[in-house]
Amino acid sequence: MPNIKSAKKRVKVTQAKTLQNKIVKSALKTVIKSAEIALEQNTENKAELVNTAIKKIDMAVTKGILHKNCAARKKSSLARKLNASA
């Protein structure tokens, strides 16, 4: 455990940021999964769900949670599945 006051604060701040990142990652995974399920089941609102997922992926990149190449790969995969199901 840290003894210096600033080091103690850094531990607390890191824990808070880690928790926030975990929340965003979890929500992102849920949105992507719901979009993929909609694509598999060929529901009416599949395009809307894919667009929502792409927006969430972009937001995760701006927050520094996902790397831009990882985001591009995920968005491309969703777009391919959407075009194939059309």
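Coordinates for the structure precede this section.
Residues numbered from 1 in each chain as written. Predicted model: local features only at pLDDT ≥ 70, side-chain atom pairs only at ≥ 80, totals over all residues. Heavy atoms only, no water.

K.L.:
Help me out: how do you make sense of the pattern of salt bridges in this one?
P.N.:
Should their charged atoms come close, side chains of opposite charge can pair. Under the counting rule described, the total for this entry stands at 2 salt bridges. Across the salt bridge formed by Glu36 and Lys81, the nearest N and O atoms sit 3.3 Å from each other. Taken together, the residues span a long stretch of sequence, with Glu36 in helix H1 (residues 5–41) and Lys81 in helix H3 (residues 68–85) at a distance of 45 residues. For Glu36, a relative accessible area of 26% puts it in the partly exposed group. Look at Lys81 and you get partly exposed, because its relative accessible area is 37%. (Salt bridge = Lys/Arg side-chain N within 4 Å of Asp/Glu carboxyl O. Helix = DSSP H or I, 4+ residues; strand = E, 2+ residues; numbered from the N terminus. Buried < 20%, exposed > 50% of the residue type's maximum accessible area, 1.4 Å probe, protein only.)

K.L.:
In this structure, what is going on with H3? I would like to understand it.
P.N.:
Three- or four-residue spacings in an α-helix give side chains the same orientation, since the helix completes a turn every 3.6 residues. Here H3 spans 26 Å end to end across 18 residues, near enough to the 26 Å set by a 1.5 Å rise per residue. Among all positions of H3, only Cys70, Ala71, Ser77, Leu78 and Leu82 are buried. Mapping the buried residues of H3 onto a view down its axis gives an arc of 130°, with all of them on the same face. Turned more than 90 degrees from where H3 packs its buried face, Lys68, Arg73, Arg80, Asn83 and Ala84 sit exposed. On the buried face of H3, the contacting elements are H1 and helix H2 (46–62). (Expected span 1.5 Å × (residues − 1). Arc of directions from axis to C-beta. Contact = heavy atoms within 4.5 Å.)

K.L.:
I tried to follow unusual backbone geometry on my own but got confused; where do I start?
P.N.:
Most peptide bonds are trans, and most residues other than glycine sit at a negative phi. Positive phi, close to 55°, is recorded for Asn42, a residue that is not glycine. With respect to the helices, strands and loops of the structure, Asn42 is situated in the loop between H1 and H2.

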